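Chains, contacts and geometry: an overview
These are the residues of each chain, in order.
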Amino acid sequence: MRGRVKTISVKREGNRWYVVLSCDDVPAEPLPAAGAVAGIDLGVAALVTTSDGVHVANPRHLAATADRLAAAQRDLARKRRGSTRRLKEVARIAALCGKVGRQRVDYAHKVANALVRGYDVIVHEELRIANMTRSASGTVEAPGRNVAAKSGLNRGILDAGWGVFLTILSHKAESAGRELIAVNPAGTSRTCARCGHCVRENRATQAEFRCRPRPGGVSGTYKSAPRESGHDERMNVNLSVIPAFLAGHARLLDRRRHDLLMGDGDATGVLAALEGYRNADGGYGWGLEPDLRAPESQPGAALHAFEVFEEIAPATAPQAAALCDWLESVTLPDGGLPFVLPIGDTAATAPWWAGGDPAVSSLQITSVSAAAAHRVAVHDPAVAAHPWLEQATRYCLDAIQAMKEPPHAYVLAFAVRFLDAVHDTRPRAAELLKRLGDHIPEDGRVRVEGGTEEEALRPLDFAPSPGRPARTLFEPEVIAADLVRLAGQQRDDGGWAVDYARISPAGAMEWRGAATVNAVKILRANGLV
């Protein structure tokens, strides 16, 4: 027990008894600096959406129990008042309601814990939930409008448990030494985060935001204002056609990822789709890397699996730690991962995979896998504490420090992503990141040697997320121009294409689906869709 006990009370909920202790002088337990700031938006489709594009699913605990609760209430109505059976039915209903309440509180604790671990400052709207959930029924003289719809929205808000979540978040933030800021919500859904322009037309639908032109034709910026992170009148992504494109061009995994990204899916569905690529040894194969179609587990597939484990945050999956176990089992003596392991059947597999040397460590594969694992480790303690991650981290830092010549484009990009991921925890990372930046031209375009004629890496391949250390390698207008380029690459069919070699019909199609989800993910993280 921490602190000095001030009061003790005993309460009963159904058949459960609780002892509640109120304490003074409870010592704080500050967490290490996360180096990140986030605004959060509470909702019904997704419980929490962060300013860097993370969607936290709303499990709708009450809705999931609604059928059983309604059946119990019908049974109660048929029971005679004062009878033993009625008392049992009352206890049954109380137990169902109590379970929903406990589930809601437990989930709120988990989400709040992930947020305070990931951000130093958290900003949220100061919502007046009681006002928002008032009945729209009106009076006999002045009946309300859209009463059924408002009633459903009220149920959704109360089921989400915004008030419970904010209370728990406040307590955890105070204990962890984080700053929680409540802001006036007036106009926030219609105000452009880039230029401050606020008009009703900015919010065309709940899912779509686009800064509308001011007088004079400039879309949401004053003519004298600098263009910031991609805020441009040419930025116009059609989100409505993307699901249809994915239905015809993407694998199930990327369709599930897109649903989760847009707040329509859940972690369970994404993990179920990922499971089809998993082998009994804990690794992944079967074409999870679209140009490596072999069934055997391969280090090159680990990145794609870790991406999923990152996207389901704050949920965690035991498969993430199991993947670390497998990676540890194939790590070479110097701490690095091989580019590829022996392949039994190279059908439809790219030549660079088929010809890789399994006895030589690859900075390209190790750095991109470790970078993704570090992003998962932010909310998954099992990954954060895994010995493979420490081993791979040391290898990458040493290999990057030993670089004498300009690396291949993908090695450069993946090393930058790795240093970005460990920047706040490894003292060497800042200087190494600055050194790698010397190999990147001012326009951020790095041609891929050995690739197609058009193949090149761009600024967003190095630094996709705003507010991260890797962004310091580029001028703001370079990032803005690349965001415009990325948004403008949406095809008429709704999807994005890739500029690298097509190895197989299946791989070419699957890469388009994956590229589309990743494009939306980047644009969303930068506040543009």
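Look above for the structure.
When helices and strands are counted, the protein shows 19 helices and nine strands. Compactness check: the protein gives a C-alpha radius of gyration of 26 Å against a globular reference of 24 Å for 529 residues, within 12% of the reference. In terms of overall dimensions, the protein has C-alpha extents of about 85 × 60 × 50 Å along its principal axes. A buried classification covers 46% of the 529 residues belonging to the protein. When contacts within the protein are restricted to residue pairs at least 6 apart in sequence, those whose partners lie at least 24 apart make up 60%. In the protein, 64 positive and 61 negative side-chain charges are present, and the distance between their average locations comes to 12 Å.

Before going further, it helps to spend a moment on the sheet that holds strand S6 (residues 121-125). Judged by pairing direction, the sheet is mixed, and its five strands sit side by side in the order S5-S4-S3-S6-S7 without closing on themselves. Each end of this open sheet is capped by a strand with a single partner; those strands are strand S5 (55-57) and strand S7 (179-183). With direction set aside, neighbouring strand axes in the sheet form an average angle of 25 degrees. Where strand S3 (residues 37-42) and S6 come together, four bridges link them in parallel fashion. Pairing of Ala38 across the sheet is with Ile122, part of S6.

One pair of aromatic rings is described through two measures. These are the centre distance and the angle between the planes. In the structure shown here, the tally under the stated rule is five aromatic pairs. For the ring pair Tyr410 and Phe414, a centre distance of 5.8 Å and an interplane angle of 45 degrees mean the geometry is tilted. You can see Tyr410 and its partner Phe414 sitting in helix H15 (residues 409-422), four residues apart, about one turn around the helix. Its relative accessible area of 12% is what places Phe414 among the buried residues. Arranged with centres 6.2 Å apart and planes meeting at 50 degrees, the rings of Phe462 and Phe474 form a pair that is tilted. Taken together, the positions of Phe462 in helix H17 (residues 459-462) and Phe474 in the loop between H17 and helix H18 (476-488) put the pair 12 residues apart, joining distant regions of the chain. Under the relative-accessibility criterion, Phe462 is labelled buried at 1%. Given a relative accessible area of 7%, Phe474 falls into the buried group. By the ring-pair criterion, three or more aromatic residues cluster together here, those being Phe306, Phe309 and Trp388. Across from the ring centre of Tyr18, 5.9 Å away, lies the NZ or CZ of Lys11, which sits over that ring.

There is a patch of like negative charges on the surface, built from Glu442, Asp443, Glu475 and Glu477. Position of Glu477 among the secondary structure elements: in helix H18.

On to the pattern of salt bridges. When charged atoms on two side chains of opposite charge get close, those side chains can pair. Using the criterion set out here, one finds 22 salt bridges in the structure. For Lys11, the salt bridge identified is with Glu13, shortest N-O distance 3.2 Å. Residue classification places Glu13 among the partly exposed positions, given a relative accessible area of 37%. Between Arg251 and Asp254 there is a salt bridge whose closest N-O contact spans 2.9 Å. With a relative accessible area of 0%, Asp254 lands in the buried category. Taken together, the shared-partner salt bridges in this structure form one network comprising Arg251, Asp254, Arg257, Glu311 and Lys521.

On to the nonpolar core, then. By size, the foremost hydrophobic cluster in this structure holds 100 residues, and its most contacted members are Phe306 and Phe309. If one sorts the elements of this core by residue count, H15 sits on top with 11 residues. Residues within four places of Phe306 in sequence aside, it is in contact with Ala320, Leu323, Cys324, Leu327, Ser369, Ala372, Ala373, Val376 and Trp388. Membership of the second largest hydrophobic core comes to 25 residues, among which are Val111, Leu115, Val116 and Leu169.

On to a positive patch on the surface, then. Taken together, the side chains of Arg16, Arg68, Lys99 and Arg102 make up a positively charged region of the molecular surface. Relative to the elements of secondary structure, Arg68 occurs in helix H1 (residues 61-77). Judged by its relative accessible area of 45%, Arg68 falls in the partly exposed class.

Moving on: helix H7 (residues 252-261). When H7 is considered as a whole, its buried residues turn out to be Leu253, Asp254, Arg257, His258, Leu260 and Leu261. Relative to the axis of H7, the buried residues are bounded by an arc of 160 degrees and lie together on one face. Buried positions along H7 lie against S5, helix H6 (242-249), helix H8 (267-275), helix H9 (302-311) and helix H19 (505-525). Count one or two residues on from H7 and you reach Gly263, which has phi positive near 85 degrees.

Thresholds, definitions, all that
- Residues numbered from 1 in each chain as written.
- Predicted model: local features only at pLDDT ≥ 70, side-chain atom pairs only at ≥ 80, totals over all residues.
- Heavy atoms only, no water.
- Helix = DSSP H or I, 4+ residues; strand = E, 2+ residues; numbered from the N terminus.
- Rg over C-alpha atoms; globule rule 2.2 N^0.38 Å.
- Buried < 20%, exposed > 50% of the residue type's maximum accessible area, 1.4 Å probe, protein only.
- Contact = heavy atoms within 4.5 Å.
- Lys, Arg positive; Asp, Glu negative; His and termini not counted.
- Charge placed at Lys NZ, Arg CZ, Asp CG, Glu CD.
- Pairing = 2+ DSSP bridges.
- Axes fitted to C-alpha atoms, helices over the stretch in contact; angles between N-to-C directions.
- Phe/Tyr/Trp six-rings, centres within 6.5 Å; stacked < 30°, edge-to-face > 60°.
- Lys NZ or Arg CZ within 6 Å of the ring centre and 35° of its normal.
- Patch = residues over 30% accessible without salt bridge, like charges linked within 9 Å, V, L, I, M, F, W, Y side chains within 5 Å.
- Areas by Shrake-Rupley, 256 points an atom, 1.4 Å probe, with all protein chains shown as cover.
- Salt bridge = Lys/Arg side-chain N within 4 Å of Asp/Glu carboxyl O.
- Core = buried A, V, L, I, M, F, W, Y, C linked by side-chain atoms within 4.5 Å.
- Arc of directions from axis to C-beta.

So far we have only geometry, and geometry alone does not tell us how the molecule works.
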